[in-house]
Every structure is written in structure tokens, then in C-alpha cells.
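Geometric and topological summary
Given next are the chains, with one letter for each unit.
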Amino acid sequence: MNWLTNFVRPRIKKLLQPREAPDNLWLQCPNCKEMIFHRELEKALHVCPSCQHHIRLTANQRLELLFDNKEWTEIQLPNVPVDPIKFKDLKKYSDRLKLAQEKTGMHDAAIVAHGNMGKINVVVAVIDFSFLGGSMGAAVGEAIVSAAELAIVQESPLIVIPSSGGARMQEGVLSLMQMPRTTVAINKLREKGYPYIVILTDPTTGGVTASFAMLGDIHIAEPGAVVGFAGARVIEQTIRETLPEGFQRSEYLLEHGMVDIVVHRSDLKNKVVQLLSLIMRPDPAAPILPLNKNRKSKLFESIKSSEHNSNSNIIDPSIPDTSLFEVDGNDNKN
Amino acid sequence: MHFLEFEKPIAELEGRIAELRHVSEVAGTSITDEILKLQSKATRDLKVTYQNLNPWQKTLVARHPDRPHFLDYANSIFTEFIILSGDRGFSDDKAILGGLARFKGRSVMIIGQEKGHDTETRLKHNFGMAKPEGYRKAQRLMKMADHFGIPVITFVDTAGAYPGVGAEERGQSEAIARSIETCLNIRVPLISIIIGEGGSGGAIAISSANKILMLEHSIFSVISPEGCASILWRDGDKSKTAAESLKLTAQDLKKLGLIDDIIQEPVGGAHRSKEEVFKKVTEKIDKNLKELIKVEGGQLRARRREKFLAMGRIEKKNLSE
Ligand SMILES: [Zn+2]
């Protein structure tokens, strides 16, 4: 049985559909409170023209920003246990989930898609903060695991774009266990030699930063994004001092060595493509190839037949992929 | 003895027993029967109380100031414990201690969070709340153990990783993420025992293990009941309700298949008979270590990774339906 036949069958081509908005729609910048005409805001990729504040994006807006021709294929993620500890606070967790699903049209906080980015096939997992604060339960964990597995199948780089308050309390320790779980998935991808890039967006904290989001080969952050482990309020209560200016913002993290580059949204795609190309195409004459340490021979073959290899990144579900389950094989070699 | 709120009736009984003893000594009269009767009632009540602890009461027991802490275990069930210090980058964080020791003659690496037992030691160990350098020391020691083929045993007892400015600046998230990664990648047995409080990311950082064991009245949670209550109920007084909702007891977590085994505590909790708890913990370490050292290193690592990878994934079989 093949992973792909289960997970990737419904190929949903996403195409940009012009959203309907009334002509007189004005939005307020949450930072400088300036009123901005919606078309102008869209043109500016939701960056405030007067103060450069990067307004939070939905998962789909993130994908539109990065994929060539705003075109990608979203994969259907495996089911996860729903409400594993039958959690109830003032509301039932199962009701909160339903509400979030209705509000966002998403199944859970993360989606996984693949497509071309600067003509390089890339797998992307993106977390939407508007779905229960982007919190990580089994479903978000599953998205990261599936994305890493898909990147391995497609011999592609993985880009993860988190925005999350951390672990999803309502799933108890199962949500905590998503930290080691996603870490395993990222490790497996990296052992195969495929690049893993994290684009940190506002806000990313808690169990998400303390696992897969801080394990990238390269960490890119959007300007002004809050990225950290503990929430600012918790820290303030603990140390009883006011926090330094710009605390936990991207620029502060850059200064303290936690991210590689802070990139303006208008330059984000270019930078990602440039980095991927530098990593995956060391020789400009060669075709774009995955860096695959474990399959040297295949790599050389691909170089020889580069003319016919332009489709190598497209998955053919009819070919069973055995690499996915050779879990133990790799572990015993080194 | 420090009595918890719900132990009040037992505290009163024991007070009465002490009083009677005093009277009988002074007056020279024998009221042994009465004392014995009261004593057996106290023991019975203690047993019943502890058999029926609710999750919030367990939280209080798990945090009991007299409960044995990491250093108590380190000095009682191991020999030749040599503390190894420092992360080789910034400093030595005494919230996490570790070092080489022997367990029944075998070399082991032990690592644990130490909460301290009085004001001085609590401050010294920062109440068991580690900073990035603590998690980086843990990584260093786990890698050393891996390098020399020495099994690792971790003792978890923390309210969580320390929330502070310096900790954030030095990469608390990254330090925890890398510590989890190190747990998952070493090719030696890794056994983790939650002895008191297993607080969120700060706990999983050193407990992504082949075997996760919990003491009978310890807790393991994604967030403290107080934190959960203030966020979801917007009312810090709802901690008891939050503790119930979070399924943070050893018994619940065993049922959910998220931990491997429970270590029984003496009647009235670990703090009432430390020797007994050390004996039980020794037995469980022995049993699990014997099982794990038979497994080849690559397999140990692969099994550990597969175990966590499966947490939250419904059987593949169900997907093809
Ligand atoms: Zn603005």
C-alpha cells in the first residue's frame, strides 16, 4: 500500500479567484491605525504603506504569495483523533473546533501543498493563526509529518511557515508529544539531504518554536514578527520588569543569532527562490536537482539524462514508493 | 511534616496520637490500645485518601516540598555519582544537573531537574526551571553518553522552562528543540522518569525517551492547571477544574497510551517513605534497562522515533477504507 494513494489522491488545483470585495472597503492598520483602501493593501501584499507593518495573512494568502502563478496542489491530510481527551472548558473543545472550521473553511490550522516556486518543486506546510491561534494538536503535527514525508517522496525542499501560539492545550499531553513527533519528521527529511526552510511569521511561540520551527537549515523571519518561547506577559509577571524595546521581534532575534535573515514580504519569494537555487543548483549549467546524499548513483544518472529529467519532481502515484517505510534501514547504517 | 489542605483530617488524627503518647509518658499510664486504634485509623484514612486523589490533589502532591527530588534519587539509587557541569558555551545551569554514575555496577548518565529543598537551594537551582544553557548541558551529556555507549536515565521535575529575558535572548526555544532532537537521535537506551511535575516543553525536552515512567502521584501536562484556568476559563480559581480536564495524571496518561509504566508510591505519597520509593524506582529502572540494553543502538533509535511518530496518527489501515 502506498502513502500517496491514500493521501494525495484528490488533486485540488488552487487557482487565484478574485475575492469579492465592495469597492468602498477600507481597512485599518492594526499598528499605525491608518485607513488603507483594500485594493492598495492587496497590491502591497498586506503590508501597511505608511508604517510597513506586516499584517497577518491567512494560509491561502501565504501560498498565493509564494507559488508560481499562484498555483499549487493541496494534499488531503490523514485523519487524526478528534478531541482525544474529551476536553471541555467553558465550551466543549469539539464545539470550538467546529466553530473554527466554519469560520475559516479549514479542517484544522495547517495545510500542506506542493507546487513550483521559481520553477523548483517545493512542499509547503503553512499554519493559519486564525484557526484556534494556530495551535498544534495532532492535526498540525500530522501536517508537518505529512509535509516532510511528501518532500521526501518528491525529493523536494520543505518550507514551513508557522504562526502559532504553541501547543493546543485542549489535546493535553498528546499535543505536547507533537513536539518530538514533528522533530522526528524533520530529522528524517534532513537525513535525506533535502533543504528545510522555516519562514517565521507573526506570532510564533511556545511548543511550535520549541520544536520544528527552530530546526530549519535556514530561518527567515518577516519584519516585526513576534517569535519566542514564553509569552511576553508570562515573562513580565515572572521577572516583574518591563521588557526591552523590540523584545522577541524578528530584528531582536536576528541580533541574538536566532534567525538568519529578516526579509520584507515584497522580497520574500525572491529570497526563498534564490536560497533554494544556491543550495540545489550549485552549478548553473546543471538542472535543478535535489541534494540526495543517500542516492548518489541516482543523482549522477539524473545529471546524465538531464534533458529527459524535467519531470523528475512530479509524483506518479502508480509507482510505489518504498523509501517511505525504510525507516529502520537508514538508522542502522551510520 | 508538611500537611496538604486535603490531609487535614489525617493531620488532626496524628496530632491526637502525639498528644496521647505524651500524656501516657508523663502520667505513666498505659493507653496503648487507644493509640494503636487511632494509628490504624490514621493509616487507613491516609490509604483511602491517596487512593482517591483527584487530579488537583495529585498536582499538590507532585509539588509537595518534602517529596524526594532529583538529587535524592541520584545519591540514593546510584553510586559514584559525579556531577558534570556546564554547556561549554555560556554557563552552568543548576536547574538541570547531570553526570556519570553507576547503577548496579553499570555506568549510566543521569540527568534531572532539581527543585531544591529550602530557600537557599531553591534559589541555587532556580526552582528547577532551566534556561537554555541547562538544556544545552543536557544535550552535551546525552551526546557524551551516546559517544561512549552509556545508557541515559532522566528525572523530570519542573514547572517548566524558565520564562525570562536572558533565556529568550539565548534561544530557549532552540535549546528545547535541540534537546528533544538529541533525545530522539541517541543510540543508547533512554529511560525517563517523571518524579514530580512534568511541566510542558521544559519536561519533554529531556523525556522524549524509549520508556516514559511516571510515579503514581506525579503529573505530566502541556500547561499548568493554573495557566490553563487563566487562559481558557479566564479565572485562576478554576485550577481544580482545569487539572481534571487536562488528563495530567499518570493513570490517565497510561490509559491514553502516552506513557509506558507507572511506579507505585508508598501509602501517603513518596514523601512519607523515601526509602520505599527509591526501592521501587530502582526495580523499574533495572527491569527497563535490562530490556533495552539487549536492543542494538540503531534499533533503539528507530523504535524511539517510530513511537513518537505514531502519536496522533490513526492506524494506516483505517485510511484505506
Ligand atoms: Zn500602519
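Keep in mind the model is a prediction, meaning the values are calculated, not measured.

1. Details of the overall build of chain B
Secondary structure assignment for chain B yields 15 helices and eight strands. A principal-axis box enclosing the C-alpha atoms of chain B has dimensions of 70 × 50 × 45 Å. The long-range fraction of contacts in chain B, counting pairs at least 24 apart against all pairs at least 6 apart in sequence, stands at 72%. Put simply, chain B shows about 13400 Å² of open surface, and 51% of that area lies on carbon and sulfur atoms.

2. Structural notes on the pairing of strand β8 (residues 196-200) of chain A
Residue and element names in this part refer to chain A. Along β8, five of the five residues are buried, which leaves the element largely enclosed by surrounding structure. In this sheet, strand β9 (residues 218-221) lies alongside β8 in parallel orientation, the contact comprising four bridges. When the sheet's bridge partners are listed, Leu-200 is paired in β9 with Ala-221.

3. Some points on the coordination of the zinc ion
Residues and elements named next belong to chain A. The zinc ion binds to the protein through Cys-29 (SG), Cys-32 (SG), Cys-48 (SG) and Cys-51 (SG), with metal-donor distances spanning 2.2 to 2.3 Å. Around the zinc ion sit four donor atoms, and with donor-metal-donor angles ranging over 106 to 113 degrees the site reads as tetrahedral. If you list the donors of the zinc ion from N- to C-terminus, the spacing comes out as C-x2-C-x15-C-x2-C. Of this pair, Cys-32 sits in the loop between β2 (26-28) and β3 (35-37) while Cys-51 sits in the loop between α2 (38-43) and α3 (59-66), and the two are 19 residues apart along the sequence.

4. So, the side chain of Glu-142 of chain A
Examined against the element boundaries, Glu-142 of chain A turns out to sit in helix α5 (residues 138-153). Within the local environment of Glu-142 of chain A, its side chain forms a polar contact with the side chain of Arg-181 of chain A, the two groups lying 2.7 Å apart. For Glu-142 of chain A, the side chain forms a polar contact with the side chain of Arg-313 of chain B, separated by 2.3 Å.

5. Things to note about the pattern of salt bridges
Inspection of the entire model under this criterion finds 36 salt bridges over all chains. Each of the salt bridges in this network shares a partner with another, and the network as a whole consists of Arg-63, Lys-115, Asp-157, Glu-197 and Glu-226 of chain B.

6. Some points on the packing of helix α6 (residues 132-148) of chain B against helix α8 (residues 172-185) of chain B
All names here are of chain B. Relative orientation of the contacting elements α6 and α8 amounts to 20 degrees, with a least axis distance of 8 Å. Taken together, the axes of α6 and α8 lie roughly parallel to each other. For the pair α6 and α8, the sense of crossing is left-handed. On α8, the residues touching Pro-132, Tyr-135, Arg-136, Ala-138, Gln-139, Met-142 and Lys-143 of α6 are Gln-172, Glu-174, Ala-175, Ile-176, Arg-178, Ser-179, Thr-182 and Cys-183.

7. Quick word on the interface of chain A and chain B
Listed per partner, the contact involves 64 residues of chain A and 55 residues of chain B. Both faces considered, chain A and chain B share a buried interface measuring about 5100 Å² in area, 67% of it formed by carbon and sulfur atoms. Among the residues of chain A in contact with chain B, Met-169, Met-177 and Phe-229 of chain A are the three that bury the most area, contributing 13% of the side total. Inspection of the chain A/chain B interface yields five salt bridges. Residue Lys-188 of chain A is joined to Glu-306 of chain B by a salt bridge in which the shortest nitrogen-to-oxygen separation is 2.7 Å.

8. Describing the pairing of strand β3 (residues 106-113) of chain B
Walk down a regular strand and you will see the side chains alternate between the two sheet faces. All names here are of chain B. Of all eight residues making up β3, six are buried, and the element is well covered by its neighbours. Strand direction decides the pairing type here: strand β2 (residues 96-103) and β3, joined by eight bridges, are antiparallel. When the sheet's bridge partners are listed, Leu-97 is paired in β3 with Gly-112. Taking the residues between adjacent antiparallel strands as the criterion, β2 and β3 are bridged by two residues, where Lys-104 takes a positive phi near 50 degrees.

9. Brief notes about helix α10 (residues 225-233) of chain B
For an α-helix, the turn length of 3.6 residues means that residues three or four places apart are oriented alike. What α10 of chain B keeps buried is the set Pro-225, Gly-227, Cys-228, Ala-229, Leu-232 and Trp-233 of chain B. For α10 of chain B, the elements touching its buried residues are α4 (93-104) of chain A together with α3 (55-62) and α11 (239-246) of chain B. Positive backbone phi, at 50 degrees, marks Arg-234 of chain B, one or two positions downstream of α10 of chain B.

10. Let's talk about the confidence of the model for chain B
Considering every residue of chain B, the mean pLDDT works out to 94; 97% of them sit at 70 or more. For residues 317-321 of chain B, every residue scores under 50 in pLDDT, and the model assigns this stretch six contacts once sequence neighbours within four places are set aside.

11. Digging into the nonpolar core
Membership of the largest hydrophobic core comes to 141 residues, with the highest contact counts inside it found for Leu-158, Ile-159 and Phe-212 of chain A together with Phe-220 of chain B. Here this core gets 11 residues from one element, more than from any other, and that element is α5 of chain A. Every residue in contact with Phe-220 of chain B, bar those within four places of it in the chain, is listed here: Val-173, Leu-176 and Met-177 of chain A together with Ile-194, Gly-198, Ala-203, Ile-204, Ser-207, Met-214, Leu-248, Leu-253 and Ile-259 of chain B. Counting 28 residues, the second largest nonpolar core, distinct from the first, contains Phe-70, Ile-263, Val-277 and Ile-285 of chain B.

12. Regarding the packing of aromatic side chains
Using the criterion set out here, one finds 11 aromatic pairs over all chains in the structure. Here Trp-26 of chain A and Phe-37 of chain A contribute two aromatic rings whose centre-to-centre distance is 5.3 Å and whose plane-to-plane angle is 50 degrees, an arrangement assigned as tilted. With a gap of 11 residues between them, Trp-26 of chain A in strand β2 and Phe-37 of chain A in strand β3 connect regions that are remote in the sequence. With relative accessibility at 22%, the residue Phe-37 of chain A sits in the partly exposed group. An angle of 75 degrees between the planes, with centres 6.3 Å apart, marks the rings of Phe-70 of chain B and Phe-81 of chain B as edge-to-face. Pair noted here: Phe-70 of chain B is in helix α4 (residues 70-77) and Phe-81 of chain B is in strand β1 (residues 79-83), with a separation of 11 residues, a long-range link. Overall, the relative accessible area of 0% leaves Phe-70 of chain B in the buried class. Feature note: the residues Phe-70, Tyr-73, Phe-78, Phe-81, Phe-103, Phe-155 and Phe-278 of chain B constitute an aromatic cluster, connected by ring pairs. The aromatic ring of Phe-129 of chain A is capped on one face by Arg-56 of chain A, whose charged end is 4.7 Å from the ring centroid. The ring of Tyr-162 of chain B carries Lys-131 of chain B above its face, with NZ or CZ at 5.1 Å from the centroid.

Thresholds, definitions, all that
- Residues numbered from 1 in each chain as written.
- Chains lettered and ligands numbered in written order.
- Predicted model: local features only at pLDDT ≥ 70, side-chain atom pairs only at ≥ 80, totals over all residues.
- Heavy atoms only, no water.
- Helix = DSSP H or I, 4+ residues; strand = E, 2+ residues; numbered from the N terminus.
- Contact = heavy atoms within 4.5 Å.
- Areas by Shrake-Rupley, 256 points an atom, 1.4 Å probe, with all protein chains shown as cover.
- Buried < 20%, exposed > 50% of the residue type's maximum accessible area, 1.4 Å probe, protein only.
- Pairing = 2+ DSSP bridges.
- Donors = N, O, S within 2.8 Å, 3.2 Å for Na, K, Ca; no water.
- Tetrahedral: all angles 85-135°; square planar, octahedral: opposite > 155°, others 65-115°.
- Polar contact = N/O pair within 3.5 Å; in protein donor to acceptor, adjacent residues only side chain to side chain.
- Salt bridge = Lys/Arg side-chain N within 4 Å of Asp/Glu carboxyl O.
- Axes fitted to C-alpha atoms, helices over the stretch in contact; angles between N-to-C directions.
- Parallel < 35°, antiparallel > 145°, perpendicular 65-115°, else oblique.
- Left-handed = near helix turned anticlockwise from the far one by under 90°.
- Buried area = accessible area lost by both parts, 1.4 Å probe.
- pLDDT = per-residue confidence, 0-100.
- Core = buried A, V, L, I, M, F, W, Y, C linked by side-chain atoms within 4.5 Å.
- Phe/Tyr/Trp six-rings, centres within 6.5 Å; stacked < 30°, edge-to-face > 60°.
- Lys NZ or Arg CZ within 6 Å of the ring centre and 35° of its normal.

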